[in-house]
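These are the residues of each chain, in order.
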Amino acid sequence: MTNLKTPPGPPAANNLLSQLQFFQHVQADMLAVLNAGFRDHGDLWMLDIGGKRNFLIKNPDHIYEITVRQADKFHKPQDYTDPQRGLARFLGNGLLTSDGAFWRKQRKLVAPAMHTQRITKYADTMVYYTVQMLEGWAGKQELDVDDAMMRATLQIVAKTLFNADVSQDAGRVSNAMAVLQEMNGNNITLESLLPTWVPTPRRRREALAVRDLDEIIYGIIRERRKSSEDTGDLLSMLLLSLDEDGQGMSDKEVRDEAVTMFLAGHETTANALNWTWVLLAQNPEVEARLHEELDRVLAGRVPSLADLRQLPYTEMVIKESMRLYPPAHGFGRVAIEDVEVDGYVIPKGSDVNIVTYAVHRDSRWWDDPEAFRPERFSPENEANIRKYSYIPFGAGPRVCIGNSFAQMEAHLMLATIAQRYQLRLAPGQVVQPNPLITLRPKGGLHMRLEARPTIQRTTSTPASAPEALPA
């Protein structure tokens, strides 16, 4: 590798002043900093902060190299795995933060719960909690849609994957997850330079959030162990699993996977829906076509799993929303050996960041990339999309295990909500993306509710959520 080049990039930030200036720029607008870097330095560029090399990627060919062809040369970076400063201090050693043999073992245990044949049985539960949310909207003229989507998807993931009702604890869980989102910013601020034992206000909030979430999750685990019941959900699979030595998972191991699924299982769908409402409000012609499909196919009744094949445009809307505003705006790897990518060397120990947001808005892969055009994802057009230019759930062996779950959930929730309501941005509401762990609307999403003059409903949602999921 001696003849390989070092990627271009801005001057290294090796003194405290230059590092602070960089942190200020990132805090002001991270996405703008990244876009400027790609504009000035190309598809693969290097950012040197305090001697730590970070490589930024947005070319589909490079993404293939890192996530597929040379995937075995990369692991998760310390921003994920470090138990003191990374996500692991909150999530533990779950699928999102683990690596190597342990990750492979855990993914094998979790995979059956995410199989297509199993997640299709979750459809009625998804619709049930969505309708329950809508009943609570009656009489309201305005609400924080971000909070509403987060609470609904949280209840859905708790019931489907853990057969638990968290409605009484939804506020505590939502607050804990919001604190977790802040932790991403904790890695790119002045606070990250302080020793981990310094009790900053943010770190105190994190400790309280972990305590709240642990109380709830461990409570669910204790109750299930006490009953020894196999309800066929993810929690049962984890509790009943045995390794090659006949040993089961500890409560801590189960807790780590449960917390990870709470985050991944509701944040992605909620944010996909958040940005869908924004885009529909800004594009009335798309909204009109969506409503036409929903009224024609559903005729006022709530959707079922069987209806999804007849709602292709609804699915296109979701996919295009995730192109413009991917819930996971980027993801990282760390090189565990020197790696060659397109004539450049990525040294061992370097962080690599694949910027999904930039990939999805590149005019080389997407015609008029800033426009909201669901038709891009019609069957005939989708077949021509450049491979690895659309990666809302990542790519390669570590592609999000819950992608089918999230897409089905978003499809059903959009169909259920959009046939009853039009959502309009509240006066004065300026929506800006906030790239934390997921891409959330900054400061919430305040929207006005306008009930639609829908067709007379002929059937209603199931009277109650399933007591347990089919094994």
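Structure: above.
Quantities reported herein were computed from a predicted structural model and do not represent experimental measurements.

A. Layout of unusual backbone geometry. Look at Asp368: it is not a glycine, yet its phi comes out positive at around 45°. As for its placement among the helices and strands, Asp368 is situated in the loop between α15 (356-359) and α16 (379-382). You can call Asp368 partly exposed: its relative accessible area is 37%. In this model, Tyr388 sits at a positive phi of 70°, which is unusual for a non-glycine residue. Within the secondary structure, Tyr388 is located in the loop between α16 and α17 (403-418).

B. How the structure looks around the nonpolar core. Counting 126 residues, the largest nonpolar core has Trp137, Met149 and Trp277 as its most contacted members. In contact with Met149, other than residues within four places in its own chain, are Met133, Trp137, Ala270, Leu273, Asn274, Trp277 and Ile417. Phe23, Phe38, Leu47 and Ala358 belong to the second largest nonpolar core, which has 13 residues in total.

C. Spatial organisation of the sheet that holds strand β12 (residues 446-451). Sheet architecture is open: 3 strands sit in the order β4-β12-β9, paired in antiparallel fashion. In this open sheet, the two strands that pair with only one neighbour each are β4 (142-144) and β9 (421-425). On average, each strand axis in the sheet is inclined to that of its neighbour by 40°, with strand direction left out of account. As paired elements, β4 and β12 share 3 bridges and run antiparallel to each other. Across the sheet, the residue bridging to Leu143 is Met447, located in β12.

D. Inspection of the sheet that holds strand β3 (residues 74-75) at higher detail. With mixed pairing, the 5 strands of this open sheet are ordered in space as β1-β2-β8-β5-β3. What marks the edges here is a single partner per strand, and that holds for β1 (44-49) and β3. As paired elements, strand β5 (residues 331-335) and strand β8 (residues 351-354) share 4 bridges and run antiparallel to each other. Pairing of Gly332 across the sheet is with Asn353, part of β8. On the sheet, helix α2 (residues 60-69) packs against β1, β2 (52-57), β3, β5 and β8 and is oriented at approximately 125° with respect to β8.

E. Looking closely at the side chain of Glu257. Along the chain, the position of Glu257 falls in helix α12 (residues 251-282). Although Glu257 lies buried, it forms no salt bridge, and the closest oppositely charged side chain, Lys105, sits 8.5 Å away as judged by the N-O distance. Other than its neighbours up to four places away in sequence, Glu257 contacts Asn93, Gly94, Leu95, Gln106, Leu238 and Met249.

F. Representation of the pattern of salt bridges. A full pass over the atoms with the stated rule returns 36 salt bridges. Residue Asp256 is joined to Lys252 by a salt bridge in which the shortest nitrogen-to-oxygen separation is 2.8 Å. Separated by 4 residues within a single helix, Asp256 and Lys252 lie in helix α12, roughly one turn from each other. Look at Lys252 and you get partly exposed, because its relative accessible area is 42%. For Arg440, the salt bridge goes to Glu267, with nearest N and O atoms at 3.7 Å. Of this pair, Arg440 sits in strand β11 (residues 439-441) while Glu267 sits in helix α12; the two residues are 173 residues apart in sequence, bridging distant segments of the chain. Owing to a relative accessible area of 14%, Arg440 belongs among the buried residues under this scheme. Ionic contacts of the salt-bridge type, sharing partners, join the residues Asp169, Arg172, Arg211, Asp212 and Glu215 into one network.

Cut-off values and rules
- Residues numbered from 1 in each chain as written.
- Predicted model: local features only at pLDDT ≥ 70, side-chain atom pairs only at ≥ 80, totals over all residues.
- Heavy atoms only, no water.
- Helix = DSSP H or I, 4+ residues; strand = E, 2+ residues; numbered from the N terminus.
- Buried < 20%, exposed > 50% of the residue type's maximum accessible area, 1.4 Å probe, protein only.
- Core = buried A, V, L, I, M, F, W, Y, C linked by side-chain atoms within 4.5 Å.
- Contact = heavy atoms within 4.5 Å.
- Pairing = 2+ DSSP bridges.
- Axes fitted to C-alpha atoms, helices over the stretch in contact; angles between N-to-C directions.
- Lys, Arg positive; Asp, Glu negative; His and termini not counted.
- Salt bridge = Lys/Arg side-chain N within 4 Å of Asp/Glu carboxyl O.

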